[in-house]
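# Residue-level structural notes
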Amino acid sequence: RKEVEQDPGPFNVPEGATVAFNCTYSNSASQSFFWYRQDCRKEPKLLMSVYSSGNEDGRFTAQLNRASQYISLLIRDSKLSDSATYLCVALRGNNDMRFGAGTRLTVKP
Amino acid sequence: DAMVIQNPRYQVTQFGKPVTLSCSQTLNHNVMYWYQQKSSQAPKLLFHYYDKDFNNEADTPDNFQSRRPNTSFCFLDIRSPGLGDAAMYLCATRADRDATYEQYFGPGTRLTVT
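The sections below set out a description of the structure shown in this document. (Residues numbered from 1 in each chain as written. Chains lettered and ligands numbered in written order. Predicted model: local features only at pLDDT ≥ 70, side-chain atom pairs only at ≥ 80, totals over all residues. Heavy atoms only, no water.)

The next thing to look at is the overall build of chain B. On a plain count of helices and strands, chain B comes out with zero helices and eleven strands. Secondary structure of chain B in N-to-C order comes out as β-β-β-β-β-β-β-β-β-β-β. A compact globule built from 114 residues would reach a C-alpha radius of gyration of about 13 Å, and chain B, at 13 Å, matches this within 12%. Counting every position in chain B, which comprises 114 residues, the buried fraction comes to 49%. Look at the contacts in chain B between residues 6 or more apart in sequence, and 56% of them connect residues 24 or more apart. Carbon and sulfur atoms form 49% of the exposed surface of chain B, whose accessible area is close to 5600 Å². (Helix = DSSP H or I, 4+ residues; strand = E, 2+ residues; numbered from the N terminus. Rg over C-alpha atoms; globule rule 2.2 N^0.38 Å. Buried < 20%, exposed > 50% of the residue type's maximum accessible area, 1.4 Å probe, protein only. Contact = heavy atoms within 4.5 Å. Areas by Shrake-Rupley, 256 points an atom, 1.4 Å probe, with all protein chains shown as cover.)

What follows covers the pairing of strand E3 (residues 19-25) of chain A. Residues and elements named next belong to chain A. Here E3 shows one buried face, formed by Val-19, Phe-21, Cys-23 and Tyr-25, and one open face, formed by Ala-20, Asn-22 and Thr-24. In this structure, strand E1 (residues 4-6) lies alongside E3, joined through three bridges in antiparallel fashion. Residue pairing in the sheet places Gln-6 in a bridge with Cys-23 of E3. Looking at chain direction, E3 and strand E8 (residues 70-75) are connected through six bridges and run antiparallel. Within E8, the residue paired with Ala-20 across the bridge is Leu-74. (Pairing = 2+ DSSP bridges.)

So, on to the interface of chain A and chain B. Of the residues lining the interface, 20 residues belong to chain A; the matching set on chain B comes to 24 residues. In this assembly, chain A packs against chain B so that about 1700 Å² is buried in total across both faces, 51% of it on carbon and sulfur atoms. The largest share of the area that chain A buries against chain B comes from Arg41(A), Asn95(A) and Phe99(A), three residues that together contribute 33% of it. Applying the counting rule to chain A against chain B returns one salt bridge. The residue Glu57(B) makes a salt bridge to Arg98(A) at a minimum N-O spacing of 2.8 Å. In this assembly, chain A and chain B are joined by five residue pairs in polar contact (both at pLDDT 80 or more). Elements with a contribution of two residues or more to the side of chain A that touches chain B: strand E4 (32-38), strand E5 (44-50), strand E9 (84-92) and strand E10 (96-99) of chain A. Among the residues making up the side of chain A that touches chain B, the classes are represented as nine nonpolar, seven polar and four charged. (Buried area = accessible area lost by both parts, 1.4 Å probe. Salt bridge = Lys/Arg side-chain N within 4 Å of Asp/Glu carboxyl O. Polar contact = N/O pair within 3.5 Å; in protein donor to acceptor, adjacent residues only side chain to side chain. Nonpolar A, V, L, I, M, F, W, Y, C, P; charged D, E, K, R; others polar.)

This part is about the pairing of strand E6 (residues 53-56) of chain B. Residue and element names in this part refer to chain B. Here strand E5 (residues 44-50) pairs with E6 via four bridges, running antiparallel. If you follow Tyr-50 over to E6, its bridge partner there is Asp-53. Between E5 and E6, which pair antiparallel one after the other, the connecting turn spans two residues, and Asp-51 there sits at a positive phi close to 55°.

Under the counting rule described, the total for this entry stands at 13 aromatic pairs over all chains. Both rings, one in Tyr25(A) and one in Phe33(A), keep their centres 4.5 Å apart while their planes meet at 40°; by these two values the pair is tilted. The buried category is assigned to Tyr25(A), whose relative accessible area is 3%. A relative accessible area of 1% means that Phe33(A) is categorised as buried. Grouping aromatic residues by their ring pairs yields a cluster made of Tyr36(A), Phe99(A), Tyr33(B), Tyr35(B) and Phe105(B). (Phe/Tyr/Trp six-rings, centres within 6.5 Å; stacked < 30°, edge-to-face > 60°.)

Our focus in this paragraph is the nonpolar core. In terms of nonpolar packing, the biggest core is built from 23 residues, with Phe21(A), Trp35(A), Ile71(A), Leu73(A), Ile75(A), Tyr86(A) and Leu105(A) touching the most fellow members. Breaking this core down by element, the ones donating at least two residues are E3, E4, E5, strand E7 (60-65), E8, E9 and strand E11 (103-108) of chain A. With residues near it in sequence (within four places) discarded, Leu73(A) still touches Val19(A), Ala20(A), Phe21(A), Trp35(A), Leu47(A), Met48(A), Phe60(A), Thr61(A) and Tyr86(A). Formed by 18 residues, the second largest nonpolar core is a distinct cluster that contains Leu46(B), Phe64(B), Ala87(B) and Tyr89(B). (Core = buried A, V, L, I, M, F, W, Y, C linked by side-chain atoms within 4.5 Å.)

To continue, consider the sheet that holds E1(A). Residue and element names in this part refer to chain A. Strand order across the open sheet formed by five strands is E1-E3-E8-E7-E6, with antiparallel pairing between neighbours. Every interior strand has two partners, whereas the edge strands, E1 and strand E6 (55-57), have only one. Pairs of neighbouring strands in the sheet enclose a mean axial angle of 20°, with direction left out of account. (Axes fitted to C-alpha atoms, helices over the stretch in contact; angles between N-to-C directions.)

Following this line, the structure appears as structure tokens:
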């Protein structure tokens, strides 16, 4: 079983739609969580960290449920530029980052 | 601009012919990582350096080695590339003092094995 699991998608949504991605992690020792964005054939870039209380950054909202070992990302009012692969990441200790395989999003006009 | 640089961006090597990929950073970060990413898969951590301390992942094949001669540079050596080693290799850095734990990735080197 993979340590971080995501629905691979693809999610195809129209502009303006709200879309939610889910992620589960298996190692309860994971302490910190992140969403990274990866454009096609490019490197991953940090989108946002995920805090227990939930956090919001503009159109993006991240939630963490430690009891269920579940992380989510909500994107509101989708833009064409949101099209990318979204990687869920769990961190153990200071340096052991475990990536999910990513969920691919395509936003269409 | 401060950044993580990887050279070359594209590398073609022959089966069994040693190859070295390089990473440099101007961020003065003390932690450097090498990941392998195959198509539609998660980046897989191969190893990382915490300052000069080398930390190998248990499932990283012996075929993969790394050197970090100074803070700025880190190399990935593949001693005898196989067809299964064709992938994108990503270098990343992090500052241990950074409480966000954000990793900064280079653009990657896409390795083709013929």
